[in-house]
Amino acid sequence: MRARRILITALLTLAVGAAPLLAQTTHPPVATFSIVAHDPATGEMGVAVQSKYFSVGHVVPWGEADVGVVATQANVNAGYGLQGLALLRQGLNAEQVKERLLAEDTFPGKDGRQFAVVDARGGIAVYTGPIANEWAGHRVGEHYAAQGNILTGPEVVEAMGDAFEAAEGDLAERLQAALVAGQEAGGDSRGRQSAAMLVVGRGRGRNINNDVVARLQVEDHPTPIVELGRVLHINLALTAMSQSRERMRAGDGAAALASAERATLLWPDASDTWLNLGLLAYSLGNRDRALEALKRGASMNEMFRGQLASTLSWTNHPGLDDDFMAALFPQGS
């Protein structure tokens, strides 16, 4: 009996002593590679991320227009997202936010964290903890920082930085280029599962009173960055369609048509882009291009008549003449 009491006491002592370690390893690390960036020309800020982790977009990227963005990962404290934005809103710069987050972090595993902050003035601060899972590190360049942990090696963040610097287009497109390069260089050493992107900019989102340029998440996919690129192209196409209508209302028909054509290149297998192009071409007097585009859209959607009627209504389009409609829908098809 005495021996049993000694054994139980020893086991309890071991369990208590191990409690801090268990607290640090209860949750799997959000091993990932990400990039945060600021576009001084537009004021947009963004985060893009990929990981062998389910639904990484619910954990890593945080942002608010005219405030900043935060990427929090590794032995992740998800609270860094909202807390970091609150501190940025108070007027702290990125470096000050980094110091405050670390100083006020009372949760276990702080030395294994990794996070990056961008403020609205373009300031950047990054932290890679001394015990973040190898390989872990970051690269800071002009207007961006690339960081990751449990990577195949430093070549991942180096490739991301090079790709971002060389890429052209919108901020979202440059972030995507960085993710692609990071994966091609080796990426997460455990594999891949999810990806996400968040881009914010004052008044730069679609529709009215929207500061979110892109909020895209791929939760579980064999090639998440490829899938993220696909849905990003849809997002860019929708933006291009909105721009085409705005430019048409402003009286710049050539620019409107160029935006509509770009939308069809970005999202070629959707009736939406071809319908938009067709109506713009019709309004500009290019009936042949209009008929070609609308017929292509009709071939992609068996409910195209309804889509056409709805679009004519909400865009206040005067409508298509009878001869054109007969050519578009021969024998009432």
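Rules used in this analysis
- Residues numbered from 1 in each chain as written.
- Predicted model: local features only at pLDDT ≥ 70, side-chain atom pairs only at ≥ 80, totals over all residues.
- Heavy atoms only, no water.
- Helix = DSSP H or I, 4+ residues; strand = E, 2+ residues; numbered from the N terminus.
- Rg over C-alpha atoms; globule rule 2.2 N^0.38 Å.
- Buried < 20%, exposed > 50% of the residue type's maximum accessible area, 1.4 Å probe, protein only.
- Contact = heavy atoms within 4.5 Å.
- Areas by Shrake-Rupley, 256 points an atom, 1.4 Å probe, with all protein chains shown as cover.
- 1 Å grid on protein atoms, 1.4 Å probe; cavity = no way out; pocket = protein on both sides within 12 Å on 5 of 7 lines; lining within 4 Å.
- Points joined across faces, edges and corners; volume = space filled by probe spheres on them.
- Nonpolar A, V, L, I, M, F, W, Y, C, P; charged D, E, K, R; others polar.
- Pairing = 2+ DSSP bridges.
- Axes fitted to C-alpha atoms, helices over the stretch in contact; angles between N-to-C directions.
- Parallel < 35°, antiparallel > 145°, perpendicular 65-115°, else oblique.
- Left-handed = near helix turned anticlockwise from the far one by under 90°.

A. Fine view of the overall build of the protein chain. A count of helices and strands for the protein chain gives 11 helices and 10 strands. In terms of overall dimensions, the protein chain is more spread out than a globule: its C-alpha atoms have a radius of gyration of 25 Å, far above the 20 Å expected for 333 residues. On the principal axes, the C-alpha backbone points of the protein chain span a range of 100 × 50 × 35 Å. When each of the 333 residues of the protein chain is scored for burial, the buried share is 48%. The contacts in the protein chain between residues at least 6 apart in sequence include a share of 56% that link residues at least 24 apart. Summed over its atoms, the accessible surface of the protein chain is roughly 16000 Å², and 54% of this surface lies on carbon and sulfur atoms.

B. Looking closely at the layout of surface pockets. Considering only enclosed or pocket space, the largest pocket measures out at about 1200 Å³ in volume. Taken together, 40 residues make up the lining of the largest pocket; nearest its centre are Leu238, Met241, Ser242, Gln243 and Arg245. Every element with two or more residues in the lining of the largest pocket is listed here: α5 (171–184), α6 (224–249), α7 (253–266), α8 (271–283) and α10 (304–314). Counting residues per element, the lining of the largest pocket draws most heavily on α6, at 13 residues. Of the residues contributing to the lining of the largest pocket, the split by class is 15 nonpolar, 15 polar and 10 charged.

C. Spotlight on the sheet that holds strand β1 (residues 32–38). Within the open sheet, the 6 strands sit side by side as β7-β8-β1-β2-β9-β10. Their pairing is antiparallel. The open sheet terminates on both sides in strands that have one partner only, identified here as β7 (137–141) and β10 (212–218). Strand after strand, the sheet turns through a mean of 5 degrees between neighbouring axes, direction not considered. When strand β2 (residues 45–51) meets strand β9 (residues 194–200), the two strands line up antiparallel, connected through 7 bridges. Each bridged residue has a counterpart across the sheet, and for Ser51 the counterpart in β9 is Ser194. Sitting on the sheet, α5 touches β1, β2 and β9, and the angle it makes with β2 is about 25 degrees. Strand contacts of α6: β1, β2, β9 and β10, with the helix running at about 145 degrees to β10, the strand carrying the most contacts.

D. Inspection of the packing of α7 against α8 at higher detail. Contact geometry of α7 with α8 gives a least axis separation of 8 Å together with a crossing angle of 160 degrees. When the axes of α7 and α8 are compared, the pair comes out roughly antiparallel. Once α7 is placed against α8, the crossing between them reads as left-handed. Contacts from Ala256, Leu257, Ala260, Glu261, Ala263 and Thr264 in α7 reach Thr273, Trp274, Asn276, Leu277, Leu280 and Ala281 in α8. When its residues are assigned to classes, the contact of α7 with α8 shows 8 nonpolar, 3 polar and 1 charged.

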